[in-house]
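# Observations on the three-dimensional arrangement
Here is how the chains run, residue by residue.
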Number of protein chains: 2
Amino acid sequence: MKLEDVRKAQGRAEAILARAGIAITPGEKDGMEIADFGLGDLDHYGLQVIVYEANDRYCAKEIILFPRQICPEHQHPLVDAANPGKQETFRCRWGVVYLYVEGEAAAHPRAFVPKGDEALFTARQEIVLNPGDQYTLPPGRLHWFQAGDEGAVLSEFSSKNLDETDVWRNPQIKRIPTIE
Amino acid sequence: MKLEDVRKAQGRAEAILARAGIAITPGEKDGMEIADFGLGDLDHYGLQVIVYEANDRYCAKEIILFPRQICPEHQHPLVDAANPGKQETFRCRWGVVYLYVEGEAAAHPRAFVPKGDEALFTARQEIVLNPGDQYTLPPGRLHWFQAGDEGAVLSEFSSKNLDETDVWRNPQIKRIPTIE
């Protein structure tokens, strides 16, 4: 991403946090990660992330989603004998999030997937997260999510963060962000 | 504590969460832990806690503090070879928190300690947490904290929660809550 686009996305995310009444520091705003997954289509696919704490034992992030923005389907695989893979809890703070996990398919899912990308989304059990609702995903379980029409703020609590080992359904995805 | 007093404290904490714009579910309100540490003096010593998630790997809580309420001095000791003790991150969401840790004593501390209890507070390095500020405590480090005049909401992110192993300065403290 171009630095100019990163700054623009950070500003949009900051406005959503303000609507949600969530305080961040100026340093957290400047360091906010804008992940477009290498797809170059941030309005449809992306995450804005503030990592509050990441150490060898636990991790806490705030995730800001633009309206209808999608975090694509992925899972957190087994790492080694000491680490069965990342376990994570998503708690909706503001807006609404449609979370999809492996399981019984929703008859009338509330999420919209961009035309032509349907094959990239196989997890179809729907969990609707309104403010105060949360859901914990065990390691290895496929999932993806989309914000509702206003965007959303989602707190993530987890075991050690290991973005680099995530397994994405879409082979075009590059999780490690680059600024040109 | 009497159930009636627990319900009253839960109602007060709920009002602070509402001022902070933090959504919780009705079940979270009803299950909110009111910890008076067995001291029977909740206006001075206590914590109101919603445990969002507690598993073998990580823990996330929301802590609500009444105006000038104190969480007494304690530390999280070594557990065993696999667990060096609880590590925790405190992030202020609303109000102000005066956090004290082992280190250089503040010349003019902002906290008030109830008269006669001064010897129960030895950690004197002061960290002021306004909304958006946070601080991570390594295992074993003595600490205590007090909310400012309006009360406060503090998110706690940590490794596995082990309240029962905490070591409290005041030998009268009983961490495990009881309802009469």
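Here we summarise the structure given alongside this text.

Further remarks concern the overall build of chain A. When helices and strands are tallied, chain A shows two helices and nine strands. In sequence order, the secondary structure elements of chain A are arranged as α-α-β-β-β-β-β-β-β-β-β. The globule rule puts the C-alpha radius of gyration for 180 residues at 16 Å, and the 15 Å found for chain A is close to it. With respect to the three principal axes, the spread of C-alpha positions in chain A is 40 × 40 × 35 Å. Within the span of chain A, comprising 180 residues, buried residues form 54% of the whole. Taking as baseline every contact in chain A between residues at least 6 positions apart, the subset at least 24 positions apart corresponds to 74%. As displayed, chain A offers around 8,000 Å² of accessible surface, 52% of which is attributable to carbon and sulfur atoms. In chain A, 20 positive and 28 negative side-chain charges are present, and the distance between their average locations comes to 2 Å.

The subject of this paragraph is the nonpolar core. Leu17(A), Leu17(B) and Met32(B) are the most contacted members of the largest nonpolar core, which totals 42 residues. With residues near it in sequence (within four places) discarded, Leu17(A) still touches Ile22(A), Ile24(A), Met32(A), Ile50(A), Glu62(A), Ile64(A) and Val153(A).

As a further point, take the interface of chain A and chain B. Counting residues at the interface gives 33 residues for chain A, matched by 33 residues for chain B. Summing both partners gives a buried area of about 2,200 Å² for chain A against chain B, and 45% of it is carried by carbon and sulfur. Contact with chain B buries surface across chain A, with Arg57(A), Tyr58(A) and Arg93(A) losing the most and accounting together for 31% of the total. Where chain A meets chain B, there are four salt bridges. At the boundary of chain A and chain B, one finds 18 residue pairs in polar contact (both at pLDDT 80 or more). Broken down by secondary-structure element, the contributors of at least two residues to the side of chain A that touches chain B are β2 (47-54), β3 (58-65), β5 (88-101), β7 (134-137) and β8 (143-159) of chain A. Its residues placed into classes, the side of chain A that touches chain B shows eleven nonpolar, 13 polar and nine charged.

The rules we used
- Residues numbered from 1 in each chain as written.
- Chains lettered and ligands numbered in written order.
- Predicted model: local features only at pLDDT ≥ 70, side-chain atom pairs only at ≥ 80, totals over all residues.
- Heavy atoms only, no water.
- Helix = DSSP H or I, 4+ residues; strand = E, 2+ residues; numbered from the N terminus.
- Rg over C-alpha atoms; globule rule 2.2 N^0.38 Å.
- Buried < 20%, exposed > 50% of the residue type's maximum accessible area, 1.4 Å probe, protein only.
- Contact = heavy atoms within 4.5 Å.
- Areas by Shrake-Rupley, 256 points an atom, 1.4 Å probe, with all protein chains shown as cover.
- Lys, Arg positive; Asp, Glu negative; His and termini not counted.
- Charge placed at Lys NZ, Arg CZ, Asp CG, Glu CD.
- Core = buried A, V, L, I, M, F, W, Y, C linked by side-chain atoms within 4.5 Å.
- Buried area = accessible area lost by both parts, 1.4 Å probe.
- Salt bridge = Lys/Arg side-chain N within 4 Å of Asp/Glu carboxyl O.
- Polar contact = N/O pair within 3.5 Å; in protein donor to acceptor, adjacent residues only side chain to side chain.
- Nonpolar A, V, L, I, M, F, W, Y, C, P; charged D, E, K, R; others polar.

Nothing here speaks to function; it is all geometry.
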